[in-house]
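These are the residues of each chain, in order.
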Amino acid sequence: MIYRVSYMVRGKVRGQTHPGLVRNEDRAPAVGEQVELAGDFFAVTEVQELIPPQGGFSFLHATCEWVPDRVPAN
Amino acid sequence: MSLLESLGKVQIFTGLERDEVERVAALCQQRAFRKGDIIVREGETSQELFVIGEGMVEISLTTPAASTPLINLGKGQVFGEMTLVDRGARSATVTVLNDDTVLLAIPHDAFLELCESDNHIGFIVMRNLAAEMSLRLRYHNIAGAMFASE
């Protein structure tokens, strides 16, 4: 299964609205998990299915909040 | 990852048989970009559909005052599909966010000719494009509700 995930960020990141991100994932994000989006880390607070899976794709939407204290290892 | 494997992980091509994906692959041009490169500009009339093989791009709208990011797109996503179906000008500007971003460019005319010559390819791709549009509308509905509540 390929997971097409749309990430939406609740609240501000460095004072600005984050545009969010859509990308394919190998596994579904989980509530409480931290994901890296374009160099910043975000905690997943909600995951919902947008439409039923079809053609080997699952279509999920994840709401996230910025984790400002965590920076990428590189 | 081979070109066929990359296309196999793109939602708008799901449901195509292997030989059909090969026919789409024959139309693709692989291009590498660096951070800051502008792929398409809002208002222009370029005629290619793009698949993100690696990396990330930013979709933005430009006003006289500023550039407003709308969404970032990563691996496996497509852009440029709106002008494929409505023949309008580019609706947004697309800028590369990562070095070593690789895009697959598919010329609109050749792709439409393929869809018209092979009804199965045409139906599957257009159905999947409609589903993609639906997903984006659902995303924006959720975004609208969330931002209205903040």
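First, a word on scope: everything that follows refers to the structure included in this document. (Residues numbered from 1 in each chain as written. Chains lettered and ligands numbered in written order. Predicted model: local features only at pLDDT ≥ 70, side-chain atom pairs only at ≥ 80, totals over all residues. Heavy atoms only, no water.)

Examining the sheet that holds strand E1 (residues 29-33) of chain B
By definition, the strands of a sheet pair up through backbone hydrogen bonds, in either a parallel or an antiparallel sense.
All names here are of chain B.
Link 1 in the chain: The strand order E1-E8-E3-E6 describes an open sheet built from four strands, whose pairing is antiparallel. The open sheet terminates on both sides in strands that have one partner only, identified here as E1 and strand E6 (78-79).
Link 2 in the chain: Bridge count between E1 and strand E8 (residues 101-107): five bridges; the pairing is antiparallel. Its bridge partner being in E8, Arg-31 is matched across the sheet by Leu-103. (Pairing = 2+ DSSP bridges. Helix = DSSP H or I, 4+ residues; strand = E, 2+ residues; numbered from the N terminus.)

Thoughts on the interface of chain A and chain B
Link 1 in the chain: Each partner contributes to the interface: chain A provides 25 residues, whereas chain B provides 26 residues.
Link 2 in the chain: Contact with chain B buries surface across chain A, with Arg-4, Met-8 and Pro-19 of chain A losing the most and accounting together for 26% of the total.
Link 3 in the chain: Arg-4 of chain A is the salt-bridge partner of Glu-132 of chain B, the closest N and O atoms lying 2.7 Å from each other.
Link 4 in the chain: Linking chain A to chain B there are nine residue pairs in polar contact (both at pLDDT 80 or more).
Link 5 in the chain: Those elements that provide at least two residues to the side of chain A that touches chain B are strand E1 (2-10), strand E4 (21-25), strand E6 (40-54) and strand E7 (57-66) of chain A.
Link 6 in the chain: Here the element with the most residues in the side of chain A that touches chain B is E1 of chain A; it accounts for seven residues.
Link 7 in the chain: By residue class, the composition of the side of chain A that touches chain B is twelve nonpolar, ten polar and three charged. (Contact = heavy atoms within 4.5 Å. Buried area = accessible area lost by both parts, 1.4 Å probe. Salt bridge = Lys/Arg side-chain N within 4 Å of Asp/Glu carboxyl O. Polar contact = N/O pair within 3.5 Å; in protein donor to acceptor, adjacent residues only side chain to side chain. Nonpolar A, V, L, I, M, F, W, Y, C, P; charged D, E, K, R; others polar.)

Side note on helix H5 (residues 119-149) of chain B
Link 1 in the chain: The terminal C-alpha atoms of H5 of chain B, which comprises 31 residues, lie 45 Å apart, in line with the 45 Å expected from a rise of 1.5 Å per residue.
Link 2 in the chain: Capping of H5 of chain B at its N-terminal end is provided by Asp-118 of chain B; its side-chain oxygen lies 3.0 Å from the backbone amide nitrogen of His-120 of chain B. (Expected span 1.5 Å × (residues − 1).)

Section: helix H2 (residues 18-25) of chain B
Residues and elements named next belong to chain B.
Link 1 in the chain: All of the buried residues in H2 are Glu-20, Val-21, Val-24 and Ala-25. Along the axis of H2, the buried positions cluster into a sector of 145 degrees, meaning they face one direction only.
Link 2 in the chain: Buried residues along H2 sit in contact with helix H1 (3-8), E8, helix H4 (108-117) and H5. (Buried < 20%, exposed > 50% of the residue type's maximum accessible area, 1.4 Å probe, protein only. Arc of directions from axis to C-beta.)

Thoughts on the pattern of salt bridges
Link 1 in the chain: Taken as a whole, this structure holds eleven salt bridges over all chains when the rule is applied.
Link 2 in the chain: The residue Arg-23 of chain A makes a salt bridge to Glu-25 of chain A at a minimum N-O spacing of 2.7 Å. An identical accessibility class is assigned to Arg-23 of chain A and Glu-25 of chain A; each is buried.
Link 3 in the chain: One salt bridge connects Glu-48 of chain B with Arg-31 of chain B, and the closest N-O pair in it is separated by 2.6 Å. Taken together, the residues span a long stretch of sequence, with Glu-48 of chain B in strand E3 (residues 48-54) and Arg-31 of chain B in strand E1 at a distance of 17 residues.
Link 4 in the chain: Classification of Glu-48 of chain B as buried rests on a relative accessible area of 19%.
Link 5 in the chain: Salt bridges here are not isolated pairs; linked through shared partners, they connect Arg-4 of chain A together with Glu-81, Glu-132 and Arg-136 of chain B.

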